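Given next are the chains, with one letter for each unit.
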Amino acid sequence: MSDLKIGIIVGSTRPGRNGIQVGQWVKENASADGVEFELVDLHDFKLPLLEEPFPAGAGNYLGDEANAWASKVAEFDGFIFVSAEYNHSVPAALKNALDYVNAEWNNKAAAIVSYGSMGGVRAGEHLRQIFGELQMADVRTHVMFSLFTDFTYGENGESTFTPAALKAGELEGQISQLAAWARALQPLRAEADELAA
Ligand SMILES: Cc1cc2nc3c(=O)[nH]c(=O)nc-3n(C[C@H](O)[C@H](O)[C@H](O)COP(=O)(O)O)c2cc1C
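An unreviewed UniProt entry lists the protein chain under the name NAD(P)H-dependent FMN reductase, with Homoserinimonas aerilata as the source organism.

Visitor: Describe the packing of helix H5 (residues 166–184) against helix H6 (residues 186–196), and please don't skip the residues or the numbers.
Guide: Relative orientation of the contacting elements H5 and H6 amounts to 40 degrees, with a least axis distance of 4 Å. Relative to H6, the element H5 is oriented oblique. Only Gln186, Pro187 and Arg189 of H6 make contact with H5, whose side of the interface consists of Ala182, Arg183 and Ala184. Class assignment for the residues of the contact of H5 with H6 results in 3 nonpolar, 1 polar and 2 charged.

Visitor: Before we move on, can you summarise the site of the ligand with the specific residues and values?
Guide: Neighbouring the ligand are 15 residues, the closest being Ser12, Arg14, Asn18, Tyr86 and Tyr115. Between the ligand and the protein, one listed contact pairs an oxygen atom with a side-chain N or O atom of arginine 14 at 2.6 Å. Between the ligand and serine 117, the relevant distance is 2.7 Å, taken from an oxygen atom to a side-chain nitrogen or oxygen of the residue. Within the complex, the protein chains bury 75% of what would otherwise be the 600 Å² of accessible surface of the ligand.

Visitor: Account for the sheet that holds strand S1 (residues 4–10), with residues named and values stated.
Guide: Strand order in the open sheet made by the 5 strands is S2-S1-S3-S4-S5, with parallel pairing throughout. Each edge of the open sheet is held by one strand with a lone partner, namely strand S2 (35–41) and strand S5 (136–146). The sheet shows a mean angle of 20 degrees between the axes of neighbouring strands, taken without regard to direction. The sheet contact formed by S1 and strand S3 (residues 78–84) spans 5 bridges and is parallel. Note on S3: the bridge partner recorded for valine 10 is valine 82. Lying over the sheet, helix H2 (residues 64–74) contacts S1, S2, S3 and strand S4 (108–116), oriented at roughly 155 degrees with respect to S2.

Thresholds, definitions, all that
- Residues numbered from 1 in each chain as written.
- Predicted model: local features only at pLDDT ≥ 70, side-chain atom pairs only at ≥ 80, totals over all residues.
- Heavy atoms only, no water.
- Axes fitted to C-alpha atoms, helices over the stretch in contact; angles between N-to-C directions.
- Helix = DSSP H or I, 4+ residues; strand = E, 2+ residues; numbered from the N terminus.
- Parallel < 35°, antiparallel > 145°, perpendicular 65-115°, else oblique.
- Contact = heavy atoms within 4.5 Å.
- Nonpolar A, V, L, I, M, F, W, Y, C, P; charged D, E, K, R; others polar.
- Near = heavy atom within 4 Å.
- Polar contact = N/O pair within 3.5 Å; in protein donor to acceptor, adjacent residues only side chain to side chain.
- Areas by Shrake-Rupley, 256 points an atom, 1.4 Å probe, with all protein chains shown as cover.
- Pairing = 2+ DSSP bridges.

Structure (structure tokens):
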């Protein structure tokens, strides 16, 4: 029986992306008492570039894609964001998905898993700035993967995710912080739900 639901959001959508391999690894290695994990692939949601007025209406968006995305985000108590680094920042698809809804993110916990030539650290730090504005509590542990040492490459350049063994332990520590904060914020989320009802 679980009391927490954590979404693992794959934040890149391009053909041949590494993000889906990293997201699947997170899902396979994620476990914590009382927590259910779900892989959420942004590619499945086909969000247009922000087509909603602001402030967006919680649970009452104009577009079908927006309503589907908002309902999915609303299901979770916290998130693990799996992010690439594009031009030293967050992939546009992930920024768009973050911008699309607002209340659905508030008072939830967030953790960052990133990858890139420098572990995606610059995208991760940008994400922390965004989380503050969305009233999300981001945990300290940031799991980073190097394109040079955590992936192997075939003759035609195709990549396979082969993470260092110690990364599973880092993820475990990150998830225990994430679950603790997601639980601690439950009363705030309940209060906000009551006010909205
Ligand atoms: C548009 C674009 C910009 C990129 N910029 C960076 C960058 O600034 N820093 C970096 O470490 N890697 C950069 N890369 C390389 C990506 O880290 C690498 O391609 C990674 O696999 C991208 O994630 P994805 O495969 O899930 O799309 C960039 C890749 C793309 C497609």
